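Residue strings, one per chain:
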Amino acid sequence: MKFFGEYNRNLRQLDLFKIFSFLLVLVNLYLIENLVTANKNTKIIITPPYITSEFENVGDTFSFSYYEQIGAHLSNALLTISPSSVNKSFDSIQGYFSSEPDEIKAVKDFLIKETDRIKKDNIYQAFYYSKTLPNHKNNSFTVEGLLKTMTGNIMIEEKKVQIIFNYKVNNKKLVIKGFEVSK
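Report on the accompanying structure. (Residues numbered from 1 in each chain as written. Predicted model: local features only at pLDDT ≥ 70, side-chain atom pairs only at ≥ 80, totals over all residues. Heavy atoms only, no water.)

1. Digging into the pattern of salt bridges
Counted under the stated rule, the structure contains 6 salt bridges. A salt bridge links Lys168 to Glu103, with the nearest nitrogen and oxygen atoms 3.5 Å apart. Of this pair, Lys168 sits in strand β6 (residues 154-170) while Glu103 sits in helix α4 (residues 101-121), placing them 65 residues apart in sequence. Linking Asp109 and Lys105 is a salt bridge whose minimum nitrogen-to-oxygen distance equals 3.1 Å. One end of the pair, Asp109, and the other, Lys105, are both in helix α4, 4 residues apart, so they sit about a helical turn from each other. (Salt bridge = Lys/Arg side-chain N within 4 Å of Asp/Glu carboxyl O. Helix = DSSP H or I, 4+ residues; strand = E, 2+ residues; numbered from the N terminus.)

Here it is as structure tokens:
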């Protein structure tokens, strides 16, 4: 009878081991689910060349200060230009634009046209940022400001300008699909 006593004790130990293994599998599944959820809501901070205030990105949403800073940086690079700085200015913002052929063609056409105009007419422009208006429904934001255009020491014009940037979020990064300058 000693054999059956040992056999029953081993069966109880085996049952206890099965229950313990099942609990470990459940705990691991719970931890994997938490890890996946945490990765989706990871906070990523993307910085423009200079930072004026704190901003953040959680998932596919950005804080208002992010739109302000990116909008000010992009609009200054696009509109504060001179014949000697136009190429470097446009090159500095190429990383913010989409690389899809249809979207990049419109951006490149604008940049080439502006470069030719600035160099041909010896124009100096200064953009003075005023405000940013995000439009989350249309995935766009509008930057407003004052544009002063000069040639040499002579002021040609001074006017209010709006730049509407259309964007998409790609791998938690804001990518500009296109923009429109309304003068």
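That shown, we press on.
2. With respect to the pairing of β6
Pairing geometry for strand β5 (residues 140-151) and β6, over 12 bridges, is antiparallel. Looking at the pairing, Gly145 lines up with Val161 of β6. What sits between β5 and β6 in their antiparallel hairpin is a turn of 2 residues, with Gly152 showing a positive phi close to 65 degrees. Across 9 bridges, the pairing between β6 and strand β7 (residues 173-182) is antiparallel. Counted as the bridge partner of Phe165 is Phe179 from β7. Here β6 hands over to β7 after 2 residues, with Asn171 in that stretch at a positive phi of 55 degrees. (Pairing = 2+ DSSP bridges.)

3. A few points about the packing of aromatic side chains
Under the defined criterion, the tally for this structure stands at 8 aromatic pairs. With a centroid separation of 5.0 Å and an interplanar angle of 90 degrees, the aromatic rings of Phe110 and Phe179 are classed as edge-to-face. Here the residue Phe110 occupies a position in helix α4, and Phe179 occupies one in strand β7, the gap between them amounting to 69 residues. By the ring-pair criterion, three or more aromatic residues cluster together here, those being Tyr66, Tyr67, Phe97, Phe110, Phe141, Phe165, Tyr167 and Phe179. (Phe/Tyr/Trp six-rings, centres within 6.5 Å; stacked < 30°, edge-to-face > 60°.)

4. Examining the side chain of Lys168
Looking at Lys168, its side chain comes within polar contact range of the side chain of Glu100, at 2.6 Å. In contact with Lys168, other than residues within four places in its own chain, are Ser98, Glu100, Glu103, Lys173, Leu174, Val175 and Lys177. (Polar contact = N/O pair within 3.5 Å; in protein donor to acceptor, adjacent residues only side chain to side chain. Contact = heavy atoms within 4.5 Å.)

5. Topic: a nonpolar patch on the surface
A contiguous nonpolar surface patch, about 760 Å² in accessible area, is contributed by Ile19, Phe22, Leu23, Val25, Leu26, Leu29, Ile32 and Val36. If you trace the backbone, Phe22 turns up in helix α1 (residues 2-40). Judged by its relative accessible area of 53%, Phe22 falls in the exposed class. (Patch = residues over 30% accessible without salt bridge, like charges linked within 9 Å, V, L, I, M, F, W, Y side chains within 5 Å. Areas by Shrake-Rupley, 256 points an atom, 1.4 Å probe, with all protein chains shown as cover. Buried < 20%, exposed > 50% of the residue type's maximum accessible area, 1.4 Å probe, protein only.)

6. A closer look at the nonpolar core
The tendency in soluble globular proteins is for nonpolar side chains to be buried side by side. Among the nonpolar cores identified, the biggest contains 32 residues, and Leu78, Leu79, Phe141, Phe165, Leu174, Ile176 and Phe179 are the most heavily contacted of them. If you list the elements that add at least two residues to this core, you get α2 (64-79), α3 (86-92), α4, β4 (123-135), β5, β6 and β7. Here this core gets 7 residues from one element, more than from any other, and that element is α2. Setting aside its immediate chain neighbours within four residues, Leu78 contacts Phe90, Ile93, Phe110, Leu111, Phe165 and Phe179. (Core = buried A, V, L, I, M, F, W, Y, C linked by side-chain atoms within 4.5 Å.)

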